[in-house]
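Each chain, letter by letter, is given below.
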Amino acid sequence: MKKTKVAFFDFSCCEGCQLQVANMGEALLDVLDLIEVVNFREVMSERSDDYDVAVVEGSITSPHGVERIKKIRSIAKVLIAYGSCATIGGVNGMKNNFELEDIRKYVYQDSAHHFHTIPTRAVHQVVPVDYFVHGCPVYIPEFVKVLKSALSGLPYRVPDDAVCTECKLNENVCMYEKGITCLGPITRAGCNSWCVNNGNICYGCRGMVTNPAQKGQKDILDRYQIPMEWIENKMNMYNKARENDLAEEKKNNEQKC
Amino acid sequence: MDKYVVLKKSDFNGFIKSLSKTQKVMAPVAKGNNNYAFEEVSSGEEISISHIPTILPPKKYFMPQRETILAFSKKEHEWKPILEKEPLVVFGIHTCDLEGIQLLNKVFTTPPQDTNYINRMNDITTIGLECNDYCDEYASCCVMNNHLPNSGYDLFFTELSNDFMVHILTEKGEKITGGTPLFSEAQSAHHKALEQLRSKKKELFKDEVVVQNNELKELFARTVHSAVWEDIQNRCVACGNCTNVCPTCYCFDIKDDINLDLNTGVRIRSWDSCQNETFAKVAGGENFREERGSRQRHRYMRKFNYSIGKFNKYFCTGCGRCSRTCMAKINLKETINSLAGEKK
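In this text, all values refer to a predicted model and were calculated from it rather than measured experimentally.

Concerning a negative patch on the surface
Point 1. Judged by side-chain charge, A:Glu26, A:Asp30, A:Asp33 and B:Asp261 come together as a negatively charged surface patch.
Point 2. For A:Asp30, the location among the structural elements is in helix α2 (residues 27–34).

Right, here's the structure in full:
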């Protein structure tokens, strides 16, 4: 069987999600039986512009990034957005809290004029995306599932219920019972409540469920006496670029009307 | 078989220790914040004799959260069924959960029978444990008639002042008590103490809602369009906690997981929930229960209305888990009382 050529690319990110692949251990050997990696900056020096599947980590934060991702999209038959930065904007989205000019000067100081910058966008906010692997970092069992789906030409459905569903099945004591705020109730499942299983809270790195119950969630915060700002700040950490989706949705709805 | 024996409390630790050497023993252990979970134990000291219902019911041993049921090979067009089971003793099951297990047994032994479930069921020894006190404000075991033992166990333990009084109901149970010299025959003083405890319970355990057990079906049948469901619609966040912790919810999803050779793979069954956004979503994007309120109503109807038609049983055991775990504090007893408070 001819191996599928896979290329890994990174935009604005820490490349930690790609490191997850390098850290897969024995399962990586099975993956490599199936694919030929032609681009992967973290683990090899070779480069190629001939690939079938592009695995893209990072968010798009510069005009140069826009051009680069468009070129990748034009070559790749399948594009996988990989990791929170790519799928929802991730921590880079925090940039959108500031005036663009201010934040550019703050980061690049005297050299700011060399760096053209745009508000942070997730990959699908620039080019069409075929598969999403959410998470910061990605949950490797889910990545493997997505990879298998992509190679079989099947869709992968990202779970659209809350992290609580998986957390409960893992029989964790609810963070709210411990008096700790957790974003599980509004965050998409699919990570097998990885963080909570290990004693941490859910930070919302997989993005929000599509239909969060706003009124109900607000009641819950009131009940546990959690100020709305806490949740907003926590959500801000990964989900700021969601505003781009909401703006796009609003625009589409207006056009329909 | 109807026989009572006693085990000295001081011998309990040794009993669990020796039992755990012959088979796996699962029992409630403390997880902090007044939460408990059934886990494997190897001594009596690890067990919380006094506990409120565990996060997940012992259902998880009969119907695991995730279960491989089939292995297949695409190219060869071959498949073989897989049965994951091992002999288990589950100790410390409260009467509410014993009822939950009996209801699930009914579901899975009614045709079309579930072979995997039945095989596991036959391999599990159940040891009940009496609630001497009322657990908390969420329980409604009394109105559901599950606060006293109603069968469904191999052995049943009741804590008395110095001993455990043990009711032997099955041969499986007798094998355990007969396999060790720790158990002795119950004396009349023990029987008297048990009788006293049970009559004290009649004072402690009172019907928790304003309607009687036999009125519940009619109540839910006539309140399908109640405003109570609208209120719940505004409160529920569809986290699925209520169904995941329920001892009688048995909905599941089945997915195929192909191996990296893209040829062989396994079929996995996992718990599903009618509260999840996608549960009633079908091809084309239509969602038959888009509203969270209608999903909650469905859950209640499955417990108090539809189950009567299908199994002639309420599928609520009164364990109180759904109310205890609900982030939005949707409370089963309050829902019943609100529905009952509406004009007929």
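Quick word on the domain arrangement of chain B
Residues and elements named next belong to chain B.
Point 1. On domain assignment, one finds that chain B holds domain 1 (3–65 + 83–204) and domain 2 (213–250 + 273–341).
Point 2. Domain 1 puts 30 residues into the contact, and the matching count from domain 2 is 27 residues.
Point 3. Here domain 1 and domain 2 share an interface that buries about 2,300 Å² over both sides, 60% of which is from carbon and sulfur atoms.
Point 4. Considering only the side of domain 1, the residues that lose the most area to domain 2 are Leu103, Tyr138 and Met144, jointly responsible for 29% of the buried surface there.
Point 5. The interface formed by domain 1 and domain 2 contains three salt bridges.
Point 6. The residue Asp136 makes a salt bridge to Arg324 at a minimum N-O spacing of 2.7 Å.
Point 7. Broken down by element, the side of domain 1 that touches domain 2 gets its largest block of residues, nine residues, from helix α3 (residues 95–109).

Overview of the interface of chain B and chain A
Point 1. Taken together, the contact pairs 37 residues of chain B with 37 residues of chain A.
Point 2. Both sides of the chain B and chain A interface together cover about 3,100 Å² of buried area, and 57% of this is carbon and sulfur.
Point 3. Between the two partners, chain B and chain A, sit two salt bridges.
Point 4. Run the count over chain B and chain A and you get 16 residue pairs in polar contact (both at pLDDT 80 or more).
Point 5. Those elements that provide at least two residues to the side of chain B that touches chain A are β2 (24–32), β3 (35–41), α8 (228–235), α9 (241–244), β11 (252–258) and α12 (321–325) of chain B.
Point 6. Counting residues per element, the side of chain B that touches chain A draws most heavily on β3(B), which supplies four residues.
Point 7. Considering only residue class, the side of chain B that touches chain A consists of 15 nonpolar, 12 polar and 10 charged.

Definitions and cut-offs
Residues numbered from 1 in each chain as written. Chains lettered and ligands numbered in written order. Predicted model: local features only at pLDDT ≥ 70, side-chain atom pairs only at ≥ 80, totals over all residues. Heavy atoms only, no water. Patch = residues over 30% accessible without salt bridge, like charges linked within 9 Å, V, L, I, M, F, W, Y side chains within 5 Å. Areas by Shrake-Rupley, 256 points an atom, 1.4 Å probe, with all protein chains shown as cover. Salt bridge = Lys/Arg side-chain N within 4 Å of Asp/Glu carboxyl O. Lys, Arg positive; Asp, Glu negative; His and termini not counted. Charge placed at Lys NZ, Arg CZ, Asp CG, Glu CD. Helix = DSSP H or I, 4+ residues; strand = E, 2+ residues; numbered from the N terminus. Domains from an automatic or database assignment. Contact = heavy atoms within 4.5 Å. Buried area = accessible area lost by both parts, 1.4 Å probe. Polar contact = N/O pair within 3.5 Å; in protein donor to acceptor, adjacent residues only side chain to side chain. Nonpolar A, V, L, I, M, F, W, Y, C, P; charged D, E, K, R; others polar.

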